[in-house]
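Analysis of the macromolecular model
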Amino acid sequence: MGHLLWSCYGNSDLWGIWRRLSDDRFDLCRILGDIDMKKKIGIFIFIVICSTVMLSDWIERIYIGRLAGLPGRYNSYVGIQKEQKDSIDMLVLGDSESMTSISPMELWKSTGITSYVCGQSGQRISESYYMLKHALDYQSPQVVLLETNMLFRYTNTPDSLRSSISDTAMYYFPVLQYHNLWKNIVNDQIPEGWQSYKGFAIRPGVAPYSKGSYMKKTKKEKEIPQINLWYLDKIRKLCEKNKIQLLLYTSASPVNHNYKRYNAVLKYAGKYGIPYLDFNQKLKELGIDWKSDTLDKGDHLNLSGAHKITNYMTTYLQEHYMLPDHRGDEKFTSWDTMAEQYTTETGY
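First, a word on scope: everything that follows refers to the structure included in this document.

The number of helices and strands found in the protein chain is 15 helices and five strands. Counting all 348 residues of the protein chain, 51% fall into the buried class. Counting contacts in the protein chain only where the partners sit at least 6 residues apart, residues at least 24 apart contribute 83% of the total. Accessible surface for the protein chain amounts to roughly 17,500 Å². Of this, 53% is attributable to carbon and sulfur atoms.

So, in structure tokens, the structure goes:
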């Protein structure tokens, strides 16, 4: 957004006013006294917008290297920007279910495919849309994986509308997203030992799920709220515009998923010819054991569960997509280094 505004300055009468305002010899009171109230308000709004955009640019330019890798909801927003331009083959979008199901390092070791998890805890689908738009400013992925749990998280309420407006504002004014991250930087509060592996954080804990079967067949569907469908359409069209192949998937999760949700996503996928993988339908094939593969009693997968999902996805991607193998390419030696660190830490 900052570059967009700057590119418009040369043709704007307001830019002349802004330059004069930047001059310490400029008599602001005298000039404003000659301008009517509506113009004063317009100038004030313009100044606020420019200041916000320039602050965003300042944070990005000065602190982008240190912001990437910090824990927090906007870690992936900064991280994908820091990656080498046009180096990522596949993006993963979604709430925390996406962050605990696909491991880019394991995918890299097996295939040489470069991927990045742009998920966030509690990510709204409006955030997914703007996250994708942001990522496409820096990357040209061939495939986008979208985890579907967030399709059912928010309903058609005033709060959802306000959140959507907020997400739009944060896309155009990144400083709003960096709020909590840059406070850590300024105060030198970077946690020691923190490491995000291309958006995937290691979660080895175990809290078993023991409530039994949860995928009971039915013809009923769980309604996807209209606002979520609207943003899903926008994501689909954005992928089509950029010649990106969209793949919907649902991570294994007894707490969040059921057959009604499966039917709803399957119907949408079928309508637009989008491939859809529901890992809750493949538990035996995956070898998922709810005594050892969940972090928090069936809500999220842990490291062991993510390993099994990633193994399946590795084979699926190789069979259905022509994604490049970058192993051995000098431009990607940092991936080998990180993969070695990942293996040392996880054993995978």
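For a regular strand, the rule is simple: side chains alternate between the two faces of the sheet. In terms of burial, strand β4 (residues 245-250) is largely enclosed, as five of its six residues are buried. Bridge count for strand β3 (residues 143-147) against β4 is five bridges, and the pairing is parallel. Across the sheet, Val-143 pairs through a bridge with Gln-245, a residue of β4. Direction of pairing for β4 relative to strand β5 (residues 276-278): parallel, over a ladder of three bridges.

For the rest of this paragraph, the subject is the sheet that holds strand β1 (residues 90-93). The strands making up a sheet are joined through hydrogen bonds of the backbone, oriented either antiparallel or parallel. The strand order across the open sheet formed by five strands is β2-β1-β3-β4-β5, and the pairing between neighbours is parallel. Single-partner strands in this sheet number two, and they are β2 (115-117) and β5. Sheet twist, expressed as the average angle between the axes of neighbouring strands with direction ignored, equals 20°. Across the face of the sheet, helix α12 (residues 259-272) comes into contact with β4 and β5 while running at roughly 165° to β5.

What follows deals with unusual backbone geometry. Despite not being glycine, Asp-86 has its phi angle at roughly 55°, a positive value. On the secondary structure map, Asp-86 appears in the loop between α5 (75-82) and β1. Even without being glycine, Lys-297 reaches a positive phi, approximately 60°. Considering the arrangement of structural elements, one finds Lys-297 in the loop between α13 (283-286) and α14 (303-320).

This next bit is on the packing of aromatic side chains. Applying the stated criterion to the full structure yields 16 aromatic pairs. Relative to Tyr-231, the ring of Trp-230 has its centre 4.9 Å away and its plane inclined at 75°; by these criteria the two rings are edge-to-face. In this structure Tyr-231 comes out as buried when scored by relative accessible area, which is 3%. Their ring planes at 90° and their centres at 5.4 Å tell us that Phe-279 and Tyr-312 sit as a pair that is edge-to-face. With Phe-279 in the loop between β5 and α13 and Tyr-312 in helix α14, this pair connects stretches of sequence that are 33 residues apart. Look at Phe-279 and you get buried, because its relative accessible area is 0%. Pairwise contacts between aromatic rings join Tyr-129, Tyr-130, Trp-230 and Tyr-231 into one cluster.

Conventions and cut-offs
- Residues numbered from 1 in each chain as written.
- Predicted model: local features only at pLDDT ≥ 70, side-chain atom pairs only at ≥ 80, totals over all residues.
- Heavy atoms only, no water.
- Helix = DSSP H or I, 4+ residues; strand = E, 2+ residues; numbered from the N terminus.
- Buried < 20%, exposed > 50% of the residue type's maximum accessible area, 1.4 Å probe, protein only.
- Contact = heavy atoms within 4.5 Å.
- Areas by Shrake-Rupley, 256 points an atom, 1.4 Å probe, with all protein chains shown as cover.
- Pairing = 2+ DSSP bridges.
- Axes fitted to C-alpha atoms, helices over the stretch in contact; angles between N-to-C directions.
- Phe/Tyr/Trp six-rings, centres within 6.5 Å; stacked < 30°, edge-to-face > 60°.

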